[in-house]
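A look at the structure
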Amino acid sequence: MQRQFTTVDVFTDRRFGGNPLAVLSDAEGLSAEQMQSIAAEFNLAETTFVLPPRDSAHTAHVRIFTPKAELPFAGHPNVGTAFVLAQAGNTGDRLVFEEKAGLVPIDLMREQGKVVGARVAAPQKLAIGEELSAGLIAEMCSLAPDQIETRNHRPLIASCGIPLVFVELTSRAALAKAAVRTDVLARHLPMERAIGVHLYVAASEHGVDIQSRMFAPLFGVPEDPATGGANVALIGLLAHLRPEPDLSLSKTIGQGFDMGRPSILKASAEKKAGAVITTYIGGHCVPMLRGTIDLS
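Notes on the structure follow. (Residues numbered from 1 in each chain as written. Predicted model: local features only at pLDDT ≥ 70, side-chain atom pairs only at ≥ 80, totals over all residues. Heavy atoms only, no water.)

Regarding its fold elements, the protein presents 6 helices and 17 strands. What you see for the protein is a C-alpha radius of gyration of 18 Å, in line with the 19 Å of a compact globule of 296 residues. With the principal axes as the frame, the protein shows a C-alpha extent of 55 × 40 × 35 Å. Here the protein, with 296 residues, has 57% of them falling under the buried criterion. Pairs at least 24 residues apart make up 64% of the contacts formed inside the protein by residues separated by at least 6 positions. A total accessible area of about 12,100 Å² is found for the protein, and carbon and sulfur atoms account for 49% of it. The average position of the 27 basic charges and that of the 31 acidic charges among the side chains of the protein differ by 3 Å. (Helix = DSSP H or I, 4+ residues; strand = E, 2+ residues; numbered from the N terminus. Rg over C-alpha atoms; globule rule 2.2 N^0.38 Å. Buried < 20%, exposed > 50% of the residue type's maximum accessible area, 1.4 Å probe, protein only. Contact = heavy atoms within 4.5 Å. Areas by Shrake-Rupley, 256 points an atom, 1.4 Å probe, with all protein chains shown as cover. Lys, Arg positive; Asp, Glu negative; His and termini not counted. Charge placed at Lys NZ, Arg CZ, Asp CG, Glu CD.)

And the structure:
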C-alpha cells in the first residue's frame, strides 16, 4: 500500500524558512495508529491526513498529528493543507475543513492569479482560562521572574481551538534567552491541561509588530517555528485586552527567528460589543518535496 505525500514550508515566501508540514492528500483507509506512526516518521511539528468530508458541503475531513499526539486544531497545518489541495486544482477559493475542534473556514490567498497561501478562521471563539504565577512561568522557561511582563495580563491559558499558556515578556533579549524545562512543564502543565507555552514580546524588527516563540515538548515539538493555533488566539487575547468595545485589530507576528526558521504570520481579530467574535491567521507557503510512503 503506497500513499503520496507533499511537504510545504508554511508562513514563508522562501524555501527553508517557515514551518515545514507534510500532507497526505489521500489518507482514506489509514488507521489512527498508522497516521501517528507516519507523523512520528516525518518528525515535523505536524503532519496532516486528508479524508473525504462527512458532509458533502465541506471540502475535506482533516486530521492533524504531531510526532506524539493528535491535535484538534492547528494553524499552520490548515494553511499548508489548503495550499497543497489548491495546487492540485481540487478546490475553489473558499475551503471548509472538518476537524476535531469544529469547522475551519479557509480563504486562499492569490497574487497575480496564483495561489500563494491561505487565511484560516479559528474554529472556536476565544476562551480565556486560568492564570498562572509569574514565578512558575519563569522557572518553566529558565527566566527571572522580572522578565515576565504582567502589566497587561498575567500568564494565562487561552484557546481558539487548542489551549496554550500565553506569556508576555519584558524584552526581546528575554525572548531569545528562554529555554523551556520539560520536567517543570510536565509537572505543572500535563498534556491534558495545555499544549505548550507561547511567549511573545512587542518588537519592531524584520517588518513585524510582535516576536514569539512556542514550546510543546510533551507533544514532541521542542520548539515550533510558526504556530498558527497559538497566534490566532494571541491576536484574540490582544483584542480582548484593548478597552474599545468595537475593534478590528491586525498584527504581523514573527516566529522561528531564534531557531533559524524565520516565519511571518498575519493575524487579525474582530471585536464587537466588547466580545471577540472572530480571529484569523494567514500567510504564504512554498512547496518543497513530493514522494511516496510504502506501507506494505
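This is not the end of the story, as more comes after the structure.
What follows concerns the side chain of Thr-81. Along the chain, Thr-81 falls in helix α2 (residues 75-87). You can call Thr-81 buried: its relative accessible area is 0%. Discounting chain neighbours no more than four positions away, the residues touching Thr-81 are Leu-21, Val-23, Thr-48, Val-50 and Phe-97.

Moving on, we get to helix α1 (residues 32-42). Inspection of α1 places Met-35, Gln-36, Ile-38 and Ala-39 among the buried residues, and these make up the whole buried set. The buried residues of α1 occupy one face: seen down the axis, they fall within an arc of 160°. Exposed residues lying more than 90 degrees from the buried face of α1 are Glu-33 and Glu-41. If you follow the buried residues of α1, they end up packed against β2 (19-24), β3 (46-51), β4 (60-65), β5 (70-71) and β17 (275-294). (Arc of directions from axis to C-beta.)

Once that is clear, we can look at the nonpolar core. Nonpolar side chains tend to gather and get buried jointly when the protein is soluble and globular. Ranked by internal contacts, the top residues of the largest apolar core, which has 89 residues, are Phe-97, Met-140, Val-165, Phe-166, Leu-189, Val-197 and Leu-199. Not counting residues within four places of it along the chain, the set of residues in contact with Val-165 comprises Leu-132, Ile-137, Leu-156, Ile-157, Leu-189, Ala-194, Gly-196, Val-197 and His-198. Listed in part, the 11 residues of the second largest apolar core include Leu-24, Ala-27, Ala-39 and Phe-65. (Core = buried A, V, L, I, M, F, W, Y, C linked by side-chain atoms within 4.5 Å.)

The next subject is the pattern of salt bridges. Evaluation of the coordinates by the stated rule reveals 15 salt bridges. As a salt-bridge pair, Glu-131 and Arg-154 come within 3.3 Å of each other at their nearest N and O atoms. Residue Glu-131 is found in strand β9 (residues 127-131), and its partner Arg-154 is found in the loop between α3 (134-140) and β10 (156-159); the two are separated by 23 residues along the sequence. For Arg-154, a relative accessible area of 39% corresponds to the partly exposed category. A salt bridge links Glu-139 to Arg-181, with the shortest nitrogen-to-oxygen separation between them at 4.0 Å. Pair noted here: Glu-139 is in helix α3 and Arg-181 is in the loop between α4 (172-177) and α5 (182-188), with a separation of 42 residues, a long-range link. Take Glu-139: its relative accessible area is 34%, and that puts it in the partly exposed class. (Salt bridge = Lys/Arg side-chain N within 4 Å of Asp/Glu carboxyl O.)

Counted according to the given criterion, the structure contains 2 aromatic pairs. Their ring planes at 70° and their centres at 5.1 Å tell us that Phe-5 and Phe-42 sit as a pair that is edge-to-face. Taken as a pair, Phe-5 in strand β1 (residues 2-10) and Phe-42 in helix α1 lie far apart in primary sequence, 37 residues in all. When the centroid spacing of 5.6 Å and the interplanar angle of 90° are considered together, the rings of Phe-49 and Phe-65 count as edge-to-face. On the criterion of sequence distance, the pair formed by Phe-49 in strand β3 and Phe-65 in strand β4 is long-range, its members being 16 residues apart. Taking relative accessible area as the criterion, Phe-49 reaches 0% and is therefore assigned buried. Positioned above the aromatic ring of Tyr-280 is the side chain of Arg-119, whose terminal nitrogen or guanidinium carbon lies 3.8 Å from the ring centre. (Phe/Tyr/Trp six-rings, centres within 6.5 Å; stacked < 30°, edge-to-face > 60°. Lys NZ or Arg CZ within 6 Å of the ring centre and 35° of its normal.)

Before going further, it helps to spend a moment on the side chain of His-76. Mapped onto the secondary structure, His-76 falls in helix α2. Classification of His-76 as buried rests on a relative accessible area of 1%. Looking at His-76, its side chain comes within polar contact range of the side chain of Glu-46, at 2.9 Å. When residues no more than four places from it in sequence are discounted, the contact partners of His-76 are Val-10, Phe-11, Asn-19, Pro-20, Leu-21, Ala-45, Glu-46, Ala-226 and Gly-228. (Polar contact = N/O pair within 3.5 Å; in protein donor to acceptor, adjacent residues only side chain to side chain.)

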